[in-house]
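The primary structure of each chain is shown beneath.
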Amino acid sequence: FRADRAEAMALREPAFIAAHAAQLGEAVSHATTAALETMLACGFAPAATGCMGETALHWAAFTGNAAAARVLLAHGAPVNVRDNEHHAEPLGWCDYAESCVGGRPHADFGGVARALFEAGAPLPKPEDLERMGGDEVKAVAAELLRERGT
């Protein structure tokens with residue numbers, strides 16, 4: 001995960017990429033998006049799933065990594081994939097992580113939620129806002145509902 005794009009582009013092989021597809025989720029844990037962007041440039045699929053059926057976007061959402069979420073979304077990562085373990089979309093992982101594990105340095109759960117909503121994740125119904133656990137995620141959802149007159 002050194003993010004040496006020139007070396008990575010020279011060494012890329014479809015078989016290697018296919019065998020290591022789940023590692024894309026690990027790249028979102030880095031402080032910068034360089035490794036993630038390099039992996040995507042080499043052909044890693046933004047919709048690749050890990051052992052729980054989760055995508056890298058789920059992990060970006062869970063860690064509050066808004067920059068990684070935006071990169072993945074710009075490369076076509078789907079917002080509506082549900083994992084096999086919790087049956088949740090990336091927005092659900094974001095909301096859960098903020099409410100249960102929040103307080104991570106540099107986490108931007110509101111930024112992730114905004115990126116997901118802007119990319120097409122469905123807004124909750126106004127009556128469902130109170131069931132959301134994360135304050136930042138809830139605030140972004142409420143703001144967008146007001147803006148859209150819902």
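For the structure, see preceding data.
Just so it is clear, the model here is predicted, and its values are computed rather than measured.

**A look at the side chain of E98**
Alright, step 1. Within the secondary structure layout, E98 lies in helix α7 (residues 90-101).
Alright, step 2. Lacking a salt bridge, the buried E98 has K138 as its closest oppositely charged neighbour, with an N-O distance of 8.8 Å.
Alright, step 3. Sequence-distant contacts of E98, that is, excluding residues within four places in its chain, are made with F109, G134, D135, E136 and V137.

**Here's the deal with empty space enclosed by the protein**
Alright, step 1. Evaluation of the coordinates by the stated rule reveals one cavity of 30 Å³ or more.
Alright, step 2. Taken as a whole, the largest cavity spans an internal volume of roughly 40 Å³.
Alright, step 3. Lining the largest cavity are A21, A22, L24, G25, A48, T49, G50, E54, T55, A56 and W59.

**With respect to the layout of surface pockets**
One simple way to see leftover space: roll a probe sized like a water molecule over the atoms.
Alright, step 1. By volume, the largest pocket amounts to about 470 Å³.
Alright, step 2. Together, 18 residues line the largest pocket, and A88, E89, L91, G92 and W93 are the ones closest to its centre.
Alright, step 3. Put simply, the parts of the chain that give the lining of the largest pocket at least two residues each are α5 (56-63) and α7.
Alright, step 4. By residue number, the principal contributor to the lining of the largest pocket is α7, which donates five residues.
Alright, step 5. Grouping the constituent residues of the lining of the largest pocket by class yields eleven nonpolar, two polar and five charged.

**Points about α5**
Alright, step 1. The element α5 is largely enclosed, with a buried count of six among its eight residues.
Alright, step 2. Of the positions making up α5, those classed as buried are A56, L57, H58, A60, A61 and F62.
Alright, step 3. Where α5 is buried, its residues touch α3 (24-27), α6 (66-74), α7 and α8 (109-118).
Alright, step 4. Downstream of α5 by one or two residues, G64 has phi in the positive range, about 70 degrees.

Each value, and the rule that gives it
- Residues numbered from 1 in each chain as written.
- Predicted model: local features only at pLDDT ≥ 70, side-chain atom pairs only at ≥ 80, totals over all residues.
- Heavy atoms only, no water.
- Helix = DSSP H or I, 4+ residues; strand = E, 2+ residues; numbered from the N terminus.
- Buried < 20%, exposed > 50% of the residue type's maximum accessible area, 1.4 Å probe, protein only.
- Lys, Arg positive; Asp, Glu negative; His and termini not counted.
- Salt bridge = Lys/Arg side-chain N within 4 Å of Asp/Glu carboxyl O.
- Contact = heavy atoms within 4.5 Å.
- 1 Å grid on protein atoms, 1.4 Å probe; cavity = no way out; pocket = protein on both sides within 12 Å on 5 of 7 lines; lining within 4 Å.
- Points joined across faces, edges and corners; volume = space filled by probe spheres on them.
- Nonpolar A, V, L, I, M, F, W, Y, C, P; charged D, E, K, R; others polar.

Distances and angles like these do not, on their own, reveal function.
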